[in-house]
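The chain contents come next:
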Amino acid sequence: MTLFTYVHEFLRLSWLKAFFTVKTAPLTKPSYFRDFPELTGKECTHCLACKMICPCPGAIDVVQTDGVWNPQITQGHCVRCGYCVEACPEDVLTSGDLLARKHAQGLVFTHEYIVKINTDLCTGCGNCTTACPANHEFDPLISAGGTSNSQEGVIRVEHGKNKVMHNERCKGCKVCMETCPNGAIHVIRNVAAVQEEA
């Protein structure tokens, strides 16, 4: 086929009319579309439920600005799954009609965090114990090396190794994982969605 044939085909009246008068659907987002999470303006209690349920590392963090905590979304990492919106007990985040559906269904999330220590890798340096914010609630004067005067914290050094004392007090921040130089600690999250009875 020659160039003339192509030009002749595209300049047909019926094709030009269809091209310039075609009607397309309006570009509106349906209510159920899950966009990037946005703040609702409600107070964040820094429970970290949003961060812990997020399946994408680096997509969400909870930061403090002028004494106020708020989730911060990194859009380049976020896959818009909406889990953070559904998991937040304070309705701090929203996306589409997720909040409305969450309330209509009576959906709540229960969660627990389990601290696992590989004793073969642990050297008992105490970095994790000292860095743990939950430990500081029960022993504000916890010293370097992870020694503590309290048995009430999440983890502590005993006999040269770290020992989990109270899993139920873990807030899931993973600071212990991040500060361990040997990769001896892993924080496991167990999350379950349940419907509240009407």
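Turning our eyes to something else, we now look at the overall build of the protein chain. Each helix and strand counted, the protein chain has eight helices and eight strands in total. For 198 residues, the compact-globule estimate of 2.2 N^0.38 gives 16 Å, and the protein chain exceeds it by more than 25% at 26 Å. The proportion of buried residues among the 198 residues of the protein chain is 32%. Residue pairs in contact within the protein chain that sit at least 24 positions apart in sequence constitute 59% of those at least 6 positions apart. Of the accessible surface of the protein chain, which amounts to about 12,700 Å², a share of 57% is contributed by carbon and sulfur atoms. Averaging the coordinates of the 18 positive side-chain charges in the protein chain and doing the same for the 20 negative ones gives two points 9 Å apart.

This part is about the pairing of strand β6 (residues 155-158). The side-chain alternation of β6 yields two buried faces, one formed by Ile 155 and Val 157 and the other by Arg 156 and Glu 158. Alignment of β6 against strand β7 (residues 161-164), held across four bridges, turns out to be antiparallel. Looking at the pairing, Val 157 lines up with Asn 162 of β7. Linking two consecutive strands that pair antiparallel, namely β6 and β7, is a turn of two residues; a positive phi of about 55° is found at His 159 within it.

What the rule picks out here adds up to nine salt bridges. In this structure, Lys 51 engages Asp 61 in a salt bridge whose closest nitrogen and oxygen atoms are separated by 3.2 Å. Of this pair, Lys 51 sits in helix α3 (residues 49-53) while Asp 61 is found in strand β2 (residues 60-65), placing the two residues ten residues apart along the sequence. Residue Asp 61 is classed as partly exposed on the basis of its relative accessible area of 34%. Linking Lys 163 and Glu 158 is a salt bridge whose minimum nitrogen-to-oxygen distance equals 3.7 Å. Since its relative accessible area comes to 41%, Lys 163 is described here as partly exposed. In the salt-bridge network here, residues are joined through shared partners; they are Arg 156, Glu 158 and Lys 163.

Take a nonpolar patch on the surface next. Nonpolar side chains collect at one region of the surface, where Leu 3, Tyr 6, Val 7, Phe 10, Leu 11, Trp 15, Phe 19 and Phe 20 lie side by side and expose about 890 Å² of accessible area between them. Going through the elements one at a time, α1 (3-10) and α2 (13-21) are the ones with two or more residues in the nonpolar patch. The element best represented in the nonpolar patch is α1, accounting for four residues. With respect to the helices and strands, the residue Phe 20 is situated in helix α2.

Conventions and cut-offs
- Residues numbered from 1 in each chain as written.
- Predicted model: local features only at pLDDT ≥ 70, side-chain atom pairs only at ≥ 80, totals over all residues.
- Heavy atoms only, no water.
- Helix = DSSP H or I, 4+ residues; strand = E, 2+ residues; numbered from the N terminus.
- Rg over C-alpha atoms; globule rule 2.2 N^0.38 Å.
- Buried < 20%, exposed > 50% of the residue type's maximum accessible area, 1.4 Å probe, protein only.
- Contact = heavy atoms within 4.5 Å.
- Areas by Shrake-Rupley, 256 points an atom, 1.4 Å probe, with all protein chains shown as cover.
- Lys, Arg positive; Asp, Glu negative; His and termini not counted.
- Charge placed at Lys NZ, Arg CZ, Asp CG, Glu CD.
- Pairing = 2+ DSSP bridges.
- Salt bridge = Lys/Arg side-chain N within 4 Å of Asp/Glu carboxyl O.
- Patch = residues over 30% accessible without salt bridge, like charges linked within 9 Å, V, L, I, M, F, W, Y side chains within 5 Å.

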